[in-house]
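Next come the chains, spelled out residue by residue.
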Amino acid sequence: MNNELEKFYEVLRQLEAGQIRVAEKKDGKWVVNSWIKEVILSGFRLGKTVDMSDGVFSFFDKDTIPPRRFTAADGVRIVPGGTTVRRGAYLAPSVIMMPPSYVNIGAYVDEGSMVDSHAVVGSCAQVGKHVHLAATCQIGGVLEPAGALPVIIEDDAFIGGGCGIYEGTIIGERAVIGSGVVITRGTPVFDAVNGCYIRPNEAGQLIIPAGAVVVSGTRPMTKGPGAAEGIHVYTPVIIKYRDSKTDTSVTLEDALR
């Protein structure tokens, strides 16, 4: 085994153990450890496509990045029914994965979080503690460019069914994203509480504030043929900030754990 491949496997081991992570908060800001993504990318280049078929199902992928295998000692609940976690992903003890769901390489899912049915956690995405990723939601991933920030879901956030969070968006602590909301870095989000739009900061990061409750909305076009026809375009809207009533509606039942 050459030195580069040895380094790749060692980085996978450290990622799976939670000893390193692709992105982390330093001095209150999320930063990317781009060197980790560069090592992950090397694994695709160094690997060769092999047959990973299982029973009647055919699978072909790089031999360097097989599905990750867990033991009961890992403390992760992976309910039977087609769920896959790729090598190099970290799932903390007490994480629950409902079937079928998927967590890609480099992702980080912290303790007490639930990845619900048909939910996807993309490559290098970072999910905090006690987060609920509801059924069919998509948490976008990014491997290239190496310096690009992945999607960040901070502690105690709730991402509703059918949501899509993409392009390095940061969802603040305790935020609630209503069902069907799609947020990308280029999506203006209207804060109806404070009367302003939230747009990417100087680092190109779109940050949904802590405790924000976001639902789908629209805004009218103001010029061109669309305005003349009364066309509206999609706009997520912060309708309130989290309170005790919101807490009750999004709390996971203890019985599920």
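Here's a quick rundown of the structure. Keep in mind it's a predicted model, so treat the numbers as computed, not measured. (Residues numbered from 1 in each chain as written. Predicted model: local features only at pLDDT ≥ 70, side-chain atom pairs only at ≥ 80, totals over all residues. Heavy atoms only, no water.)

**Examining the pairing of strand E1 (residues 23-26)**
It is a general feature of regular strands that their side chains alternate between the two faces of the sheet. Where E1 and strand E2 (residues 29-32) come together, four bridges link them in antiparallel fashion. Each bridged residue has a counterpart across the sheet, and for Glu-24 the counterpart in E2 is Val-31. Hairpin remark: E1 followed by E2, antiparallel, with two residues in the connecting loop; positive phi at Asp-27, about 55°. (Pairing = 2+ DSSP bridges. Helix = DSSP H or I, 4+ residues; strand = E, 2+ residues; numbered from the N terminus.)

**A few points about helix H2 (residues 34-46)**
Given a rise of 1.5 Å per residue, 13 residues ought to cover 18 Å, and the 19 Å separating the end C-alpha atoms of H2 matches this to within 8%. Of the surrounding elements, those touching the buried residues of H2 are helix H1 (3-16) and E2. (Expected span 1.5 Å × (residues − 1). Contact = heavy atoms within 4.5 Å.)

**Points about the packing of H1 against H2**
At a closest axis distance of 9 Å, the pairing of H1 and H2 adopts a crossing angle of 125°. Taken together, H1 and H2 sit at an angle that is classed as oblique. H1 and H2 meet at a crossing whose hand is left-handed. Across the interface between the two elements, Glu-4, Leu-5, Lys-7, Phe-8, Val-11 and Leu-15 from H1 touch Trp-35, Ile-36, Val-39, Ile-40, Ser-42, Gly-43, Arg-45 and Leu-46 from H2. Classifying every residue of the contact of H1 with H2 gives nine nonpolar, two polar and three charged. (Axes fitted to C-alpha atoms, helices over the stretch in contact; angles between N-to-C directions. Parallel < 35°, antiparallel > 145°, perpendicular 65-115°, else oblique. Left-handed = near helix turned anticlockwise from the far one by under 90°. Nonpolar A, V, L, I, M, F, W, Y, C, P; charged D, E, K, R; others polar.)

**Description of the side chain of Arg-86**
By the element assignment, Arg-86 lies in the loop between strand E6 (84-85) and strand E7 (90-91). Of the residues examined, Arg-86 reaches a relative accessible area of 12% and is grouped as buried. In this structure, Arg-86 is in contact with Phe-44, Asp-61, Ile-65, Pro-66, Pro-67, Arg-68, Tyr-102, Val-103, Asn-104 and Ile-105, ignoring residues within four places of it in sequence. (Buried < 20%, exposed > 50% of the residue type's maximum accessible area, 1.4 Å probe, protein only.)

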